[in-house]
Amino acid sequence: GFTTGTHRATGGDSGNTMVSWNWKGANGTASNGDGSTTSTVSANTTAGFSIVSYTGAGATTYGHGLGATPNVIIIKKRTSDTGNNNWFLYHDKVITAGASNKSFMTLNETGALTSNGTATTFTSVSSTTFGVGTDDIISESSHTFIAYCFAEKKGYSKFGSYTGNLNADGTFVYTGFSPAWIMIKRTDGG
């Protein structure tokens, strides 16, 4: 488990209800040289989850340690500056047609899926690495970043997309197992 401090964002305000989601990587970290730039990785290949720490170096690739192509990658800049510190999301099932893997969303904002069609955000995603472009949100030089990478594992995790139907029953989404946690974000509007 973990212990929180007195800051109100982690439970310092008496009487407020908090929530925490936790995933375990490995029992430690390892240097990963699979990409053009070295990363530090804690990977749980059985669960399809890895935590990747890296220092921004512009357009480059970083190893993620999963041994499988991630379906979802969430990246956050760890060092604060006047630039963008959003939670950046890549999801392989919500790529805009013609945009390859350059479509993205920001989890902490209300905007829809963005398809800039350029090489400034994600440039590649493979079974060993993910590539980033020159966008400061995920690769600003000399800044540190954390990436959470998820590769779908049967009976453990499922990633997809669906279209709402406006029916009282809603849309049925088959996962193949009973999920303990579900995350939903609209992609076509705020």
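Scroll up to find the structure this text is about.
Quick caveat, the model's predicted, so the values are computed rather than measured. (Residues numbered from 1 in each chain as written. Predicted model: local features only at pLDDT ≥ 70, side-chain atom pairs only at ≥ 80, totals over all residues. Heavy atoms only, no water.)

(A) Layout of the overall build of the protein chain. Of regular secondary structure, the protein chain possesses one helix and 11 strands. Starting at the N terminus, the α and β elements of the protein chain follow one another as β-β-β-β-β-β-β-β-β-β-α-β. Residues classed as buried in the protein chain amount to 33% of the 190 residues present. For the protein chain, contacts bridging at least 24 residues in sequence account for 52% of all contacts bridging at least 6. Of the roughly 10,900 Å² that the protein chain leaves accessible, carbon and sulfur atoms contribute 50%. (Helix = DSSP H or I, 4+ residues; strand = E, 2+ residues; numbered from the N terminus. Buried < 20%, exposed > 50% of the residue type's maximum accessible area, 1.4 Å probe, protein only. Contact = heavy atoms within 4.5 Å. Areas by Shrake-Rupley, 256 points an atom, 1.4 Å probe, with all protein chains shown as cover.)

(B) A look at the layout of surface pockets. Considered as a void within the structure, the largest pocket measures approximately 1,700 Å³ in volume. Along its surface, the largest pocket is lined by 46 residues, and Phe159, Trp181, Ile182, Met183 and Ile184 are the ones closest to its centre. Put simply, the parts of the chain that give the lining of the largest pocket at least two residues each are strand 3 (49–55), strand 5 (72–77), strand 6 (87–91) and strand 11 (144–150). Take the lining of the largest pocket: its biggest share by element is three residues, from strand 6. Here the residues of the lining of the largest pocket sort into 29 nonpolar, 13 polar and four charged. (1 Å grid on protein atoms, 1.4 Å probe; cavity = no way out; pocket = protein on both sides within 12 Å on 5 of 7 lines; lining within 4 Å. Points joined across faces, edges and corners; volume = space filled by probe spheres on them. Nonpolar A, V, L, I, M, F, W, Y, C, P; charged D, E, K, R; others polar.)

(C) Region of the structure containing the nonpolar core. Membership of the largest hydrophobic core comes to 20 residues, with the highest contact counts inside it found for Tyr54, Ile73, Ile75, Phe122, Phe130 and Ala147. Secondary-structure elements contributing two or more residues to this core are strand 3, strand 5, strand 6, strand 9 (122–125), strand 10 (129–132), helix 1 (136–139) and strand 11. Per-element tally for this core: the top contributor is strand 11, with three residues. Those residues in contact with tyrosine 54 that lie beyond four places of it in its chain are Ser39, Tyr62, Ile75, Phe130, Val132, Ile138, His143, Thr144, Phe145 and Ala147. Within the second largest apolar cluster, seven residues are counted, among which are Ile74, Met105, Phe150 and Phe159. (Core = buried A, V, L, I, M, F, W, Y, C linked by side-chain atoms within 4.5 Å.)

(D) Region of the structure containing the sheet that holds strand 9. Here three strands make up an open sheet; going across it, the order is 4-10-9 and the pairing antiparallel. The open sheet has two edge strands, strand 4 (60–63) and strand 9, and neither has a second partner. Strand after strand, the sheet turns through a mean of 20 degrees between neighbouring axes, direction not considered. When strand 9 meets strand 10, the two strands line up antiparallel, connected through three bridges. Pairing of serine 124 across the sheet is with glycine 131, part of strand 10. (Pairing = 2+ DSSP bridges. Axes fitted to C-alpha atoms, helices over the stretch in contact; angles between N-to-C directions.)

(E) Examining the pairing of strand 11 more closely. Most of strand 11 is tucked away, with five of its seven residues classed as buried. Pairing geometry for strand 3 and strand 11, over seven bridges, is antiparallel. Residue pairing in the sheet places phenylalanine 49 in a bridge with phenylalanine 150 of strand 11. The pairing of strand 5 with strand 11 spans six bridges and is antiparallel. Bridging across to strand 11, isoleucine 75 finds its partner in alanine 147.

(F) Fine view of unusual backbone geometry. The backbone of serine 142 sits at a positive phi, close to 75 degrees, despite the residue not being glycine. If you trace the backbone, serine 142 turns up in the loop between helix 1 and strand 11. Non-glycine residue leucine 166 carries a positive phi angle of around 60 degrees. Relative to the helices and strands, leucine 166 resides in the segment after strand 11.

(G) Layout of the environment of glycine 33. Residue placement: glycine 33 occurs in the loop between strand 1 (30–32) and strand 2 (39–44). Judged by relative accessible area, glycine 33 falls into the exposed class, the value being 58%. Distance from glycine 33 to glycine 65, taken between C-alpha atoms, is 9.7 Å for residues 32 residues apart in sequence.

(H) The arrangement of the packing of aromatic side chains in detail. The final tally for this structure, using the stated rule, is 12 aromatic pairs. On the numbers, 5.5 Å between centres and 80 degrees between planes, the contact of tryptophan 23 with phenylalanine 150 is edge-to-face. Placement of tryptophan 23 in the segment before strand 1 and of phenylalanine 150 in strand 11 is noted, with a sequence separation of 127 residues between them. An angle of 65 degrees between the planes, with centres 6.0 Å apart, marks the rings of tyrosine 54 and phenylalanine 130 as edge-to-face. Of this pair, tyrosine 54 sits in strand 3 while phenylalanine 130 sits in strand 10; the two residues are 76 residues apart in sequence, bridging distant segments of the chain. Comparing tyrosine 54 with phenylalanine 130, the two get one shared label, buried. Pairwise contacts between aromatic rings join Trp21, Trp23, Phe49, Trp87, Tyr148, Phe150, Phe159 and Trp181 into one cluster. Cation over ring: lysine 76 sits above tryptophan 87, and NZ or CZ is 5.8 Å from the ring centre. (Phe/Tyr/Trp six-rings, centres within 6.5 Å; stacked < 30°, edge-to-face > 60°. Lys NZ or Arg CZ within 6 Å of the ring centre and 35° of its normal.)

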